[in-house]
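Residues per chain, in single letters:
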There are 2 protein chains.
Amino acid sequence: MLSAKMEDYLKAIYRLERDGDPPIAPSTIAEMLDVTAPTVTSMVEKLADRGLIEREKYKGVRTTPEGETVALEIIRHHRLLETFLTEQLGYDWAEVHEEAEVLEHHISEEFERRVAAVLDEPEFDPHGDPIPSDSLDPIDDESATALSEHNEGGQVEVARVRDRDPDELTYLSDAGITPGTVLTVEEVAPIGMVTVQLESGSSVSLPDHIADAIQVRAPDTQSEDGVSQA
Amino acid sequence: MLSAKMEDYLKAIYRLERDGDPPIAPSTIAEMLDVTAPTVTSMVEKLADRGLIEREKYKGVRTTPEGETVALEIIRHHRLLETFLTEQLGYDWAEVHEEAEVLEHHISEEFERRVAAVLDEPEFDPHGDPIPSDSLDPIDDESATALSEHNEGGQVEVARVRDRDPDELTYLSDAGITPGTVLTVEEVAPIGMVTVQLESGSSVSLPDHIADAIQVRAPDTQSEDGVSQA
DNA sequence: ACACCAAATTAGACAAGTCTAACCCAAAAG
DNA sequence: CTTTTGGGTTAGACTTGTCTAATTTGGTGT
């Protein structure tokens, strides 16, 4: 069995690989997990011994297929839990991340199966992140673009919100912005701010770091129901 | 914050106090938690330093009021989780103990509150064990008697089943014996076995160690609904 | 080519939780 | 009142995950 810590490292490495390119430098991992460089060195040695990552000394690491499967398993746990907490226990999307971050390491496969069944095998979590399937096939993350890259006048639909700050998430949902929301880009101010208009007509201004975190796609011209994310 | 291990020791000590009398000997704790005696010595030192137990060297330990509160908190988590797993996720009562044993250490107060709310503040778990209230007042466990102490012909209602063996629990529920079931003691055989008759008319024979674990009380002459446990 | 520097690794320490082996109490037996 | 003996404690070691301080490496700049 893997420890919760090993799972955390693996998840971090996997996530970093999805953004930047492998190999992932120890310093990057250290920053993400808020530990020191020597701690990373000793941990990646252990993960490499277990065959979960490949390691080149003084270069960095990359996940092996087995390591990727473990990472996907944890991510599946995390996103199923986030979905479960919001849908069944009435959590707000701002609160679910922290709770799921802990529980993801402690639920059984049985729990995972039953939660997935109760939720009817969901494909996206409350932030719009895709939930890895039961078979743990790699997911492709990159179909949407950042809101901040769009020009004035364009109409877009919110696909994912890659922000986990509770205050910012609460602000967004209070403003009416969640996955599925259709927005029109009203103004891109040169001072690091984007203003969008909701379908209700109300306008919301967002600082760049939040506009960067909101991933959007062409509006779904079809339906308004919740199955539109596929 | 207390570690999961410290919580386990505290829970074990509290449980042992409820059965036998304090002070609780280190060897008893060691057996319950399946660790060696020196391990218990070092752990009880830590718990005593924290003010959660009183310790007399070479004698044993007893919980302080603060320790009792912590134990009750964990027991509340455990029993709420067991109830939640059966009622909301469709677990069988035979499976819930192990899952709850892990998760009880990792859920937040928020999670506890929301689960209790969704379940409508339940007072008993699927095995008939009382769930400590939100205020963590000590509970009195001892209103029921063991089935094994009853004489032939007596009619009783199952109050609690103090068994956690999955096979035995599955056997009992398959036989139709769960908290609330009304039984008539048919035969107390001198070979370590008790035979009971269900209201359906079917008979079930149980070895003493299981009859000991089934706690019963006078049948509820009133209703048949689920609120009858108070 | 050579020195420099940032980043990585090694070395050594520490806390938590566990073990085995050795020693010590304290209560019961004589 | 002494001895026996079983359970408890002390001593010392190991693992996991972390740290700080010292050292090494490999690419960069001149």
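Residue numbers run consecutively from 1 along every chain, following the written order of its sequence. For naming, the first written chain is A and the first written ligand is 1, with later ones following in the order written. It should be noted that, the model being predicted, local features are given only for residues of pLDDT at least 70 and side-chain atom pairs only at 80 or more, the latter also being counted only at that level, while totals for whole chains, interfaces and linings use all residues.

- Naming follows an unreviewed UniProt entry, where chain A appears as DtxR family transcriptional regulator of Haloarcula sebkhae.
- UniProt positions are given in the numbering used here, feature names are shortened, and annotations may be inferred rather than shown by experiment. What UniProt states about chain A under its Subunit (unreviewed entry) heading is, verbatim, "Homodimer."
- Its UniProt record gives chain A the following Subcellular location (unreviewed entry) comment, quoted word for word: "Cytoplasm".

### A word on the sheet that holds strand E4 (residues 155–161) of chain B
Residues and elements named next belong to chain B.
Then, number 1: Criterion used throughout: strands pair if DSSP finds at least two bridges between them. In this text, helices come from DSSP runs of H or I with a minimum length of four residues, and strands from runs of E with a minimum of two, each type numbered from the N-terminal end. With respect to topology, 6 strands assemble into an open sheet ordered E3-E8-E4-E5-E6-E7, the strand pairing being antiparallel. Taken across any chain shown, the strands that pair with only one partner, and hence form the sheet edges, are strand E3 (145–146) and strand E7 (203–207).
Then, number 2: Looking at chain direction, E4 and strand E8 (residues 214–217) are connected through 4 bridges and run antiparallel. The residue bridging Arg160 from the neighbouring strand is Gln215, located in E8.

### Considering the interface of chain B and chain A
Then, number 1: Facing 15 residues of chain B, the contacting portion of chain A comprises 15 residues.
Then, number 2: Secondary structure elements with two or more residues in the side of chain B that touches chain A: helix H4 (65–89), helix H5 (96–103) and helix H6 (109–118) of chain B.
Then, number 3: At 5 residues, the largest contribution of residues to the side of chain B that touches chain A is made by H6 of chain B.
Then, number 4: Polarity classes work like this: nonpolar for Ala, Val, Leu, Ile, Met, Phe, Trp, Tyr, Cys and Pro, charged for Asp, Glu, Lys and Arg, and polar for all others, with Gly in that last group. Per-class residue counts for the side of chain B that touches chain A are 7 nonpolar, 4 polar and 4 charged. Each residue gets a C-beta atom placed from its backbone, and two residues are in contact if those atoms lie within 7 Å.

### Some details on helix H3 (residues 37–49) of chain A
All names here are of chain A.
Then, number 1: The span you would expect from a helix comes to 1.5 Å times its residue count less one. With 13 residues, H3 extends 19 Å between its outermost C-alpha atoms, agreeing within 8% with the 18 Å of an ideal straight helix rising 1.5 Å per residue.
Then, number 2: Among the residues of H3, Val40, Met43, Val44 and Leu47 are the ones counted as buried. For H3, the angular spread of the buried residues around the axis is 100°, confining them to a single face. Exposed and facing more than 90 degrees away from the buried side of H3 are Pro38, Ser42 and Asp49.
Then, number 3: Where the residues of H3 are buried, they touch helix H1 (4–19), helix H2 (26–33), strand E1 (53–56) and strand E2 (60–63).
Then, number 4: In the segment just after H3, Gly51 is the residue with positive phi, at about 80°. Counts of 20 or more other C-beta atoms within 10 Å of a residue's own C-beta define buried residues, counts of 12 or fewer define exposed ones, and intermediate counts define partly exposed ones; C-beta atoms are placed from the backbone. In this description, the arc belongs to the directions extending from the helix axis to the C-beta atoms.

### Concerning the packing of H1 of chain A against H3 of chain A
All names here are of chain A.
Then, number 1: Only C-alpha atoms enter the line fits that serve as axes; for helices the fit covers just the stretch in contact. Angles between N-to-C directions range over 0 to 180 degrees. Viewed as axis vectors pointing N to C, H1 and H3 meet at an angle of 90°, and their least axial separation amounts to 11 Å. In terms of orientation, H1 lies roughly perpendicular with respect to H3. Facing Met6, Tyr9 and Leu10 of H1, the residues of H3 in contact are Met43, Lys46 and Leu47.
Then, number 2: Of the residues that constitute the contact of H1 with H3, the class distribution is 5 nonpolar, no polar and 1 charged. Under this scheme an angle from 65 to 115 degrees is roughly perpendicular, one under 35 degrees roughly parallel, and one over 145 degrees roughly antiparallel; angles in between are oblique.

### Notes on the relation of the copies chain B and chain A
Then, number 1: Of the two same-sequence chains, chain B is brought onto chain A (RMSD 0.0 Å, axial shift 0.0 Å) by a rotation of 180°. Given the turn and translation reported, the copies of this chain are related as if by a two-fold rotation axis.
Then, number 2: When you check the interface residues of chain B against chain A, 100% turn up at the interface there too, and the contact is symmetric in its surfaces. Least squares is the method used to superpose the copies, on C-alpha atoms of residues holding a pLDDT of at least 70 in both.

### Regarding the protein's contact with DNA strand C
Then, number 1: In the vicinity of DNA strand C lie 19 residues, with Ala25, Ser27 and Pro38 of chain A together with Ser3 and Thr39 of chain B positioned nearest.
Then, number 2: Elements represented by at least two residues in the surface near DNA strand C include exactly H2 and H3 of chain A together with helix H1 (4–19) and helix H3 (37–49) of chain B.
Then, number 3: Of the residues forming the surface near DNA strand C, the biggest block, 5 residues, is contributed by H3 of chain B.
Then, number 4: Of the residues that constitute the surface near DNA strand C, the class distribution is 10 nonpolar, 6 polar and 3 charged. We count a residue as near a molecule or strand when its backbone-placed C-beta atom lies within 6 Å of that partner.

### Looking at the confidence of the model for chain A
Then, number 1: The pLDDT value expresses, per residue, how confident the predictor is, ranging between 0 and 100. With 96% of its residues at a pLDDT of 70 or more, chain A shows a mean pLDDT of 94.
Then, number 2: At the level of chain-chain contacts, confidence expressed as ipTM amounts to 0.92, with global pTM at 0.93.

### Re the domain arrangement of chain A
Then, number 1: Domain borders in the structure are assigned automatically or taken from a domain database. When its domains are assigned, chain A resolves into domain 1 (4–63) and domain 2 (145–229).
Then, number 2: Computed over C-alpha atoms, the centres of domain 1 of chain A and domain 2 of chain A are 33 Å apart.

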